[in-house]
Each structure stands twice: as C-alpha cells, then as structure tokens.
Amino acid sequence: MVVTRVQAKRRALAAGMALGALLAASLALSACLSTRVSSLAPNMIRLNMQGVDAPSDEAAVKEVLALAAQETLARGYTLFRFTDWTAGPAQIVTPGKPATANFAVTVTMFREGEQGLNPFFDARQLAKAP
C-alpha cells in the first residue's frame, strides 16, 4: 500500500491530536486525586492536612486519626503511630472564613507484634468509633 505525503501528514496530525486529548484528560483527572496522602514506604505514609476545613483542633485530630486508621487498614496493617508531626506555615485568620488545619504528619504502620514498646493506635478500634 502506497501512502502519500498528505495521508502521512493526516495520520501524524490525528495521532498528535489523540495524544493531546489523552494528556488533557490525564491532567484533568489528576486534579481530582487527593494530595492529602503520600506514600513514603510500604508501611509509611504522610498525611497533609494543610487547608482542610477544621472548625477546631479536636476536629482536626479526629479527622487525622480516622484517615490514618483507614489508610492503615487499607494497606494490610492494624497498628500505627504518628511521627514527624510538622506545623505548616503561619496562617492569617480571616474573620468570617472557616478555620483550616495547618499540619502534616507521618504515619508508621505495623502488624501485631511489630510495634515495639512505643505508644501506638489500633486502627481496628478507631474504625469502629462513631
């Protein structure tokens, strides 16, 4: 089969347009993905809570505990502890706007017997909590 230059250009243009559409779709979908959870190792994640609505410190801690328990169980572990709790940049509180959390924390996960003597949370118990 003989392909003319015009046909070759049309095919190249169609392939370029398809690639462009694929790139645009992947960028649009990546904007929908959560950036709150970053995997650091098979048993370690980083939870970024900066900018998450949190009417109080208690609500922020409850949310991070629930998220850590959920991620721990999803990865096949049952116990976890927080390490490297880091405060975010200073916030300017604007009257009339909701308060937001401003910290990130590393979660190290364990299976029963691996946790050592340091304090830990039981993800199964936290998952049962209301």
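Residues numbered from 1 in each chain as written. Predicted model: local features only at pLDDT ≥ 70, side-chain atom pairs only at ≥ 80, totals over all residues. Heavy atoms only, no water.

*Asks:* Where do I start with the pairing of strand β3 (residues 79-87) in this structure?
*Replies:* Here 7 bridges tie β3 to strand β4 (residues 103-110), and the two strands are oriented antiparallel to one another. Its bridge partner being in β4, L79 is matched across the sheet by F110. Here β3 pairs with strand β5 (residues 121-122) via 2 bridges, running antiparallel. For L79, the partnering residue across the bridge sits in β5 and is D122. (Pairing = 2+ DSSP bridges. Helix = DSSP H or I, 4+ residues; strand = E, 2+ residues; numbered from the N terminus.)

*Asks:* Can you help me understand the packing of aromatic side chains in this one?
*Replies:* The description of two aromatic rings rests on the distance between their centres and on the angle between their planes. For the structure shown, the criterion picks out 5 aromatic pairs. Note on F80 and F121: the rings are 5.2 Å apart at their centroids and 25° apart in plane angle, and the pair reads as stacked. One end of the pair, F80, is in strand β3; the other, F121, is in strand β5, with 41 residues separating them in the sequence. Under the relative-accessibility criterion, F80 is labelled buried at 0%. For F121, a relative accessible area of 32% translates into the label partly exposed. Judged by centre distance (5.4 Å) and plane angle (55°), the rings of F82 and F121 are tilted. With F82 in strand β3 and F121 in strand β5, the pair connects residues that are 39 residues apart, well separated along the chain. (Phe/Tyr/Trp six-rings, centres within 6.5 Å; stacked < 30°, edge-to-face > 60°. Buried < 20%, exposed > 50% of the residue type's maximum accessible area, 1.4 Å probe, protein only.)

*Asks:* Would you mind showing me how to read the pattern of salt bridges here?
*Replies:* Pairing of side chains with opposite charge becomes possible as their charged atoms draw close. Taken as a whole and judged by the stated rule, the model has 6 salt bridges. Linking D84 and R46 is a salt bridge whose minimum nitrogen-to-oxygen distance equals 3.3 Å. Here R46 lies in strand β2 (residues 44-48) and D84 lies in strand β3, a separation of 38 residues in the sequence. The exposure class of R46 is buried, given its relative accessible area of 18%. A network of salt bridges, in which partner residues are shared, links E112, D122 and R124. (Salt bridge = Lys/Arg side-chain N within 4 Å of Asp/Glu carboxyl O.)

*Asks:* When you look at the pairing of β2 in this model, what are you seeing that I'm missing?
*Replies:* Within a regular strand, side chains alternate between the sheet's two faces. One ladder, built from 4 bridges, connects strand β1 (residues 37-41) with β2; its direction is antiparallel. Note on β2: the bridge partner recorded for V37 is L47. Hairpin connection between β1 and β2: a loop of 2 residues separates the two successive antiparallel strands. Two elements, β2 and β4, share 5 bridges in a ladder whose sense is antiparallel. Among the inter-strand pairings, L47 is bridged to a residue of β4, identified as V105.

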